[in-house]
Amino acid sequence: MRLVAEAFAKVNRSLLVLGRRPDGFHELDTVFQAVGLTDRLVFEESDALTLRVDDPSVPAGPENLVLRAARLLADEAGVKARAAIDLEKRIPSGGGLGGGSSDAAVTLLGLSALWGLDAPLETLAEVGAGLGSDVPFFLFGGTAHGTGRGERIAPLPDMPAKGVVLVMPPFPAATPEVFRRLGAPAWDGRRSDAGRDLPDRNDLEPAAEALFPPLRAVREALANAGAEQARLSGSGSTVFGLFPDLAAAAEAARRLDGLPVGSAIRVVPTWTREECRSRSGPRRSE
Ligand code: C5P
């Protein structure tokens, strides 16, 4: 059997850091939005567990989230971890777009199908949360509210389709470094309803812009080009601009200036939950 699936990216429309927790993570209140920039994964039956990645800058060893997802799922299900996995990277690593987490989520879906496990989504979300805070979101997609480390997901109604300009600078941003720079106080245990109201805010932005000063010019370039919202995604380094539709986003992308040399620009649509589920669900292929 040979299965193919697409791993989509996300941006954070809102990201509040409520404080540092005793376990070293930060308590978050965030709104995730799926976007149509994708990696492609192929899963084939095999005697061993192997991973081939087309991008030489992405480590393909046991630390790769795809292989960690495969091993963890096999352990949880009590089966042998056997599959030949092929990964085509288009979502940059260290970009704040959740690429590695999305690859892990699609691996859980793909191998659950390849191994005939029929695991419910809730079980996969629990396994996924052990791999990374963003992984459960990628099992749901669309628009969703994330709390806890970001791993507790409550789906929200799909937002109207928008055009998104992604500006991906040529340098990655390491998430732990950005959180450290933020220097958030200890969490007092209070929650917030703010995520549901979608404040146009990313609490990691000032810390990321202090570490990587050119990010601020990117955000300003998108705002000057008429973006309804221009924000850092997650801990960066991608900055996104939201536009009424794809044509407006493409037009704005042509007019951007002052970007760091070597930045990649992509114009992509937002994806609804249904689009995410149909594209990231594994399909048989010959
Ligand atoms: O969960 P994930 O592996 O993606 O987290 C990577 C790192 O980002 C953590 O080790 C931690 O330093 C930081 N992080 C955090 N609070 C979160 C999520 C991530 O401090 N809610």
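Engineer: Account for the pairing of strand S4 (residues 83–88), naming residues and giving values.
Structural biologist: Here strand S2 (residues 26–44) pairs with S4 via 5 bridges, running antiparallel. Its bridge partner being in S4, Glu44 is matched across the sheet by Ala84. With 5 bridges connecting them, strand S3 (residues 49–53) and S4 associate as parallel partners. Paired with Thr50 across the two strands is Ala84, which belongs to S4. Read as a crossover between parallel neighbours, the route from S3 over helix H1 (residues 65–77) to S4 is left-handed.

Engineer: Can you explain the sheet that holds strand S9 (residues 239–243)? Please cite residues and give values.
Structural biologist: Where strands meet in a sheet, backbone hydrogen bonds hold them as pairs that are either parallel or antiparallel. Strand order in the open sheet formed by 4 strands is S8-S9-S7-S10, and the pairing between neighbours is antiparallel. Edge positions in the sheet fall to strand S8 (229–232) and strand S10 (264–269), since each has one partner strand and no second. Geometrically, the sheet is characterised by an average inter-axis angle of 20° between neighbouring strands, direction not taken into account. Sheet strands touched by helix H9 (residues 246–255): strand S7 (163–168), S9 and S10. Its angle to S10, the strand with the most contacts, is close to 170°.

Engineer: Break down the environment of Arg219 for me, with residues and values.
Structural biologist: Take Arg219: it is sitting in helix H8 (residues 214–224). Along the backbone, Arg219 and Phe43 are 176 residues apart, and their C-alpha atoms lie at a distance of 38 Å.

Engineer: Got a sec to walk through the site of the ligand? Specific residues and values, please.
Structural biologist: With respect to spatial proximity, the complete set of residues near the ligand consists of Gly24, Phe25, His26, Leu28, Gly132, Ser133, Arg149, Thr175, Pro176 and Phe179. In the environment of the ligand, an oxygen atom lies 2.7 Å from a nitrogen or oxygen atom belonging to the side chain of His26. For the ligand, an oxygen atom lies 2.5 Å from a polar atom in the side chain of Ser133. In the complex, the protein chains occlude 71% of the 450 Å² of accessible area that the ligand would expose alone. Cavity membership is defined here by more than half of the atoms lying within 2 Å of grid points; on that basis the ligand lies in the largest pocket.

Engineer: Describe the layout of surface pockets, and please don't skip the residues or the numbers.
Structural biologist: Rolling a probe over the atoms, with the probe sized like a water molecule, indicates the empty space that remains. By volume, the largest pocket amounts to about 1,200 Å³. Along its surface, the largest pocket is lined by 47 residues, and Ser101, Asp134, Thr175, Pro176 and Ser235 are the ones closest to its centre. When contributions to the lining of the largest pocket are tallied by element, the ones reaching two or more residues are strand S1 (2–20), S2, H1, helix H2 (99–114) and helix H5 (175–182). Of the residues in the lining of the largest pocket, the class split is 18 nonpolar, 21 polar and 8 charged.

Engineer: Describe the packing of aromatic side chains, and please don't skip the residues or the numbers.
Structural biologist: In this structure the tally under the stated criterion is 6 aromatic pairs. Here Phe8 and Trp271 contribute two aromatic rings whose centre-to-centre distance is 6.1 Å and whose plane-to-plane angle is 55°, an arrangement assigned as tilted. Of the two residues, Phe8 sits in strand S1 while Trp271 sits in the loop between S10 and helix H10 (273–280), which places them 263 residues apart along the sequence. The burial state of Phe8 is the same as that of Trp271; both residues are buried. Grouped by ring-pair contacts, the aromatic residues Phe8, Phe32, Phe137, Phe138 and Trp271 constitute a single cluster.

Engineer: Can you tell me about unusual backbone geometry, naming the residues and giving the values?
Structural biologist: A cis geometry characterises the amide bond from Gly236 onward to Ser237, with omega recorded as 15°. Along the chain, Ser237 turns up in the loop between S8 and S9. Positive phi values are uncommon outside glycine, yet Asp118 reaches one of about 55°. Among the secondary structure elements, Asp118 is positioned in the loop between H2 and helix H3 (121–129).

Engineer: I'd like a description of the pattern of salt bridges, backed by residues and values.
Structural biologist: Under the criterion given, the structure shown has 21 salt bridges. Note that Glu44 and Arg2 form a salt bridge whose closest N and O atoms lie 3.9 Å from each other. With Glu44 in strand S2 and Arg2 in strand S1, this residue pair connects regions lying 42 residues apart in the sequence. In this structure Glu44 comes out as partly exposed when scored by relative accessible area, which is 35%. Its relative accessible area of 26% is what places Arg2 among the partly exposed residues. Of the charged contacts in the structure, one is a salt bridge between Asp188 and Arg190, with a shortest N-O distance of 2.9 Å. Residues joined in a network through salt bridges with shared partners are Asp200, Glu205, Glu209, Arg219 and Arg231.

Conventions adopted
Per chain, residue numbering runs from 1 following the sequence as it is written. Totals for whole chains, interfaces and linings use all residues, but because this is a predicted model, local features are given only for residues with pLDDT of at least 70 and pairs of side-chain atoms are given and counted only at 80 or more. With hydrogens and water stripped out, all remaining heavy atoms of the structure feed into the side-chain values. A strand pair is defined by DSSP finding two or more bridges across the two strands. Think of it this way: any DSSP run of H or I at least four residues long counts as a helix, any run of E at least two long counts as a strand, and we number them from the N terminus. Look down the strands so they point away from you; if going from the first strand over the helix to the second traces a clockwise path, that crossover is right-handed. Between N-to-C directions, angles cover 0 to 180 degrees, with each direction set by a line fitted to C-alpha atoms, over the stretch in contact for helices. Throughout, a residue-residue contact means that at least one pair of heavy atoms, one from each residue, lies within 4.5 Å. We call a residue near a given molecule or strand whenever any one of its heavy atoms falls within 4 Å of it. N or O atoms closer than or at 3.5 Å make up a polar contact, with two conditions inside protein: a donor-capable atom paired with an acceptor-capable one, and, for residues adjacent in sequence, both atoms drawn from side chains. Accessible areas in this description were obtained via Shrake-Rupley with a 1.4 Å probe; residue shielding takes into account the shown protein chains only. Definitions used throughout: a 1 Å grid over protein atoms alone; a cavity as a set of points that fits a 1.4 Å probe which cannot get out; a pocket as an open set with protein on both sides within 12 Å along at least five of seven lines; a lining residue as one with an atom within 4 Å of a point. What decides whether a molecule sits in a cavity or pocket is whether more than half of its atoms lie within 2 Å of the grid points. Grid points are joined across faces, edges and corners, and a volume is the space filled by probe spheres set on the points. Note that Gly is not counted as nonpolar here; it falls among the polar residues with everything else outside the nonpolar set of Ala, Val, Leu, Ile, Met, Phe, Trp, Tyr, Cys and Pro and the charged set of Asp, Glu, Lys and Arg. Stacked, edge-to-face and tilted are the three classes for Phe, Tyr and Trp ring pairs, Trp counted by its six-membered ring, which pair at centre distances within 6.5 Å; planes under 30 degrees apart are stacked, over 60 edge-to-face, the rest tilted. Residue burial is assigned from relative accessible area. The probe radius is 1.4 Å, only protein chains are included, and a residue is buried under 20% of its type maximum, exposed over 50%, and partly exposed in between. Any carboxyl oxygen of Asp or Glu that lies within 4 Å of a side-chain nitrogen of Lys or Arg is treated as forming a salt bridge with it.

Shape descriptors only; they carry no functional weight alone.
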